[in-house]
Amino acid sequence: MPDVSHKLLSFIHYLIAGCIVLSLLMFFLAENGRANAFPTYLLAIGVLIALPFSEVRSRIAAMPGIPLVLAIALIEYLAISAWWSDHGSITQVFRHQGYALLILVFVLSLNLASQRFDRFLDLVLGLTIAAATVSAVYSIYLHFALPEYQPLHEPRLYGLGRLSNPVISAVSYGFATILAAHLLIQRQKIWQRSLLGACVLLLLIAIALAGTRTAWLALGIGVGAGLAMRYRERGLLLFAGVLFVTGVVAVAALGWEDLAKRGLSFRPEIWAEFIGRSFNANPILGAGSGSNSHWVSSIETFKHPHSIFISAFFFGGIIGLVLLIGLFTTCARHLYLSDDSEVKMLAVMTLSYGVTVGIFDGDNVLTKIDYLWWVVWFPVGVTLCVPARRV
């Protein structure tokens, strides 16, 4: 009987690891959300089956407690808030509870798989970079091969499959670039560095064609944070240098005239609108997940608040915003207090990238798998893989 249990748990670990990999790969390569979401459902089944095993429960208990508790509190609160949203109902609550379960399972599974399989995160990073590069190459080809297909009045790249607009494309390719930069900083073999360098070049071309400024700022901060951590004796100088170089590349790629013309892309007006809506609904509790987040202005229609922090305040009020800020703050504190490691550097780089992107773009963080999982929940999951400092 113990042998059967051991084989079952081993199979579940392989299922969890495989579903994590598929979730990331299919985000960049699948044509629709249903195909991308399917591995997350299998992942949830696998983790739920694994929970009765004491080995799995002990690993979860060993994770950093405060960030994990705040992550659960945030997604559960946002799920419950669907009750008082527009057309709120028990059905809405159950649907959002499903989203919360999928997110929690994904966050936990990163730790469970990385504990079970050596170099699992490196495998995830390598395959994700490969998938993103394939997506970028095909998207670049289509961008030039089909110039007549331009939903916007300006020629900006639309990514393959789920990367359905220029912002999501740039942010998603930027996430893959951060992963590649992390591996490059680790001093890979020459052939690995050459391959990673080629992938980074192709991803940066796609980001440049997408024409999104936020991705460049987030890349500068994310890569700068990684280099500053790797070379602490000149960390501040390296961080400033990377930020400056990234800014120069962004200006060269986008053009100063385009940067000046687009200004702040109506962010202050969008944020003011949704902050006002939250105060009108309930500034403490928010409008509730599931509430209409479209704004039809005199200029154009905006589909969401364009900031995960403004979104947290709109959907979850002060409570939701405090929980989100608390989650990021406790993740940062845990990383600051932990011993240096490759996993810590990955967490620092992805968290820096995600928070920067989240300031200027994003919707409700409680959602089925989409690019916000890489902005918010992947960094949180990797942070939970970082052990506390040994005393």
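Above: the structure in question.
Presented here is an overview of the structure given in this document. Every chain begins its residue count from 1, and numbering advances along the sequence as written. At least 70 in pLDDT is required for a residue's local features to be given in this predicted model, at least 80 for side-chain atom pairs to be given and counted, and no such filter applies to totals for whole chains, interfaces and linings, which use all residues. Where side-chain values are given, they derive from all heavy atoms of the structure, hydrogens and water being excluded.

Here's the deal with a nonpolar patch on the surface
1) Next: The residues that make up patches have over 30% relative accessible area and no salt bridge, and they are joined within 9 Å when like-charged or within 5 Å when they are Val, Leu, Ile, Met, Phe, Trp or Tyr. Using a 1.4 Å probe, the Shrake-Rupley method yields the accessible areas, and only the shown protein chains count as cover for residues. Salt bridges are defined as contacts in which a side-chain nitrogen from Lys or Arg sits within 4 Å of a carboxyl oxygen from Asp or Glu. Together, L8, F11, F38, Y41, L42, I45 and I49 make up a nonpolar patch on the protein surface, roughly 650 Å² of accessible area in all.
2) Next: In DSSP terms, a helix is any run of H or I states spanning at least four residues, a strand is any run of E spanning at least two, and both are numbered starting from the N terminus. Of all elements in the fold, only α1 (2-29) and α2 (33-50) reach the threshold of two or more residues within the nonpolar patch.
3) Next: Per element, the largest residue contribution to the nonpolar patch is five residues, and it comes from α2.
4) Next: Assignment of secondary structure puts L8 in helix α1.
5) Next: Remark: exposure states derive from per-residue accessible area (1.4 Å probe, protein chains only) relative to the maximum for the residue type, with buried under 20%, exposed over 50%, and partly exposed in between. On the basis of relative accessibility, which here comes to 40%, the residue L8 falls in the partly exposed class.

Focus: the packing of aromatic side chains
1) Next: Only rings of Phe, Tyr and Trp enter the pairing, Trp through its six-membered ring, and a pair is recorded when the two centres are within 6.5 Å. The plane angle decides the type: under 30 degrees is stacked, over 60 is edge-to-face, the rest tilted. Scanning the model with the defined rule gives 14 aromatic pairs in all.
2) Next: Look at F314 and F315: their rings are 4.8 Å apart centre to centre, the planes differ by 65°, and that puts the pair in the edge-to-face class.
3) Next: For F315, a relative accessible area of 3% puts it in the buried group.
4) Next: Taken together, the aromatic side chains of F27, F28, F106, Y173, F175, W373, W374 and F378 make up a single cluster linked through ring pairs.
5) Next: R234 extends its terminal NZ or CZ atom over the ring of Y231, reaching a point 5.3 Å from the ring centre. In our convention, an over-ring charge means Lys NZ or Arg CZ found within 6 Å of a ring centre and within 35 degrees of that ring's normal.

Considering the packing of helix α13 (residues 308-337) against helix α14 (residues 342-360)
1) Next: Running from N to C, α13 and α14 cross one another at 155°; their axes reach a closest spacing of 11 Å. One element, α13, and the other, α14, form an angle in the roughly antiparallel class. For the element pair α13 and α14, the recorded crossing hand is left-handed. Between α13, through I308, F309, F328, C331, A332, L335 and Y336, and α14, the contact on the second element is made entirely by K344, A347, V348, L351, V355, G358 and I359.
2) Next: In the scheme used here, Gly and all other residues not listed as nonpolar or charged are polar, with Ala, Val, Leu, Ile, Met, Phe, Trp, Tyr, Cys and Pro taken as nonpolar and Asp, Glu, Lys and Arg as charged. Its residues assigned to classes, the contact of α13 with α14 shows 12 nonpolar, one polar and one charged. Fitting a line to C-alpha atoms yields each axis, with helices limited to the stretch in contact; the angle taken between N-to-C directions then spans 0 to 180 degrees. Angle categories are assigned with fixed cut-offs, so that under 35 degrees is roughly parallel, over 145 is roughly antiparallel, 65 to 115 is roughly perpendicular, and the rest are oblique. Rotating anticlockwise by less than a right angle from the far helix to the near helix defines a left-handed crossing, while the corresponding clockwise rotation defines a right-handed one. Only heavy atoms matter for contacts: two residues are in contact if any of them lie within 4.5 Å across the pair.

Let's talk about the nonpolar core
1) Next: As used in this record, nonpolar core signifies buried Ala, Val, Leu, Ile, Met, Phe, Trp, Tyr and Cys residues forming a set joined through side-chain atoms within 4.5 Å. The biggest cluster of nonpolar side chains holds 123 residues, and the ones touching the most others in it are I20, F106, F120, Y173, W374, W377 and F378.
2) Next: Those residues in contact with F378, other than ones at most four positions away along the chain, are F106, L110, L125, F175, L179, T350 and W373.

So, the packing of helix α7 (residues 166-185) against helix α15 (residues 371-383)
1) Next: Viewed as axis vectors pointing N to C, α7 and α15 meet at an angle of 45°, and their least axial separation amounts to 9 Å. Between α7 and α15, the angle falls in the class oblique. Considering only the axes of α7 and α15, their crossing is left-handed. Residue-level inspection shows I168, V171, S172, F175 and L179 of α7 in contact with α15, the latter providing Y371, W374, V375 and F378.
2) Next: Looking at the contact of α7 with α15, its residues break down into eight nonpolar, one polar and no charged.

Section: α15
1) Next: Under the 1.5 Å per step criterion, the end-to-end length of α15 is 18 Å for 13 residues, consistent within 8% with the ideal 18 Å.
2) Next: Counting buried positions over the 13 residues of α15 gives 13, a clear majority of the element.
3) Next: Between the side-chain oxygen of the N-cap and the backbone nitrogen of L372 there are 2.9 Å, and the N-cap of α15 in question is D370. For a helix, the expected span equals 1.5 Å multiplied by the number of residues minus one. Pairs of N or O atoms are called polar contacts if they sit within 3.5 Å, as long as, within protein, a hydrogen donor faces a hydrogen acceptor (for residues adjacent in sequence, only side-chain-to-side-chain pairs).

Comments concerning helix α8 (residues 190-210)
1) Next: Given a rise of 1.5 Å per residue, 21 residues ought to cover 30 Å, and the 30 Å separating the end C-alpha atoms of α8 matches this to within 8%.
2) Next: All of the buried residues in α8 are L196, C199, V200, L203, A206, I207 and A210. The buried residues of α8 occupy one face: seen down the axis, they fall within an arc of 125°. Turned more than 90 degrees away from the buried face of α8 sit I190, W191 and L201, all of them exposed. Here the arc refers to the directions that run from the helix axis out to each C-beta atom.

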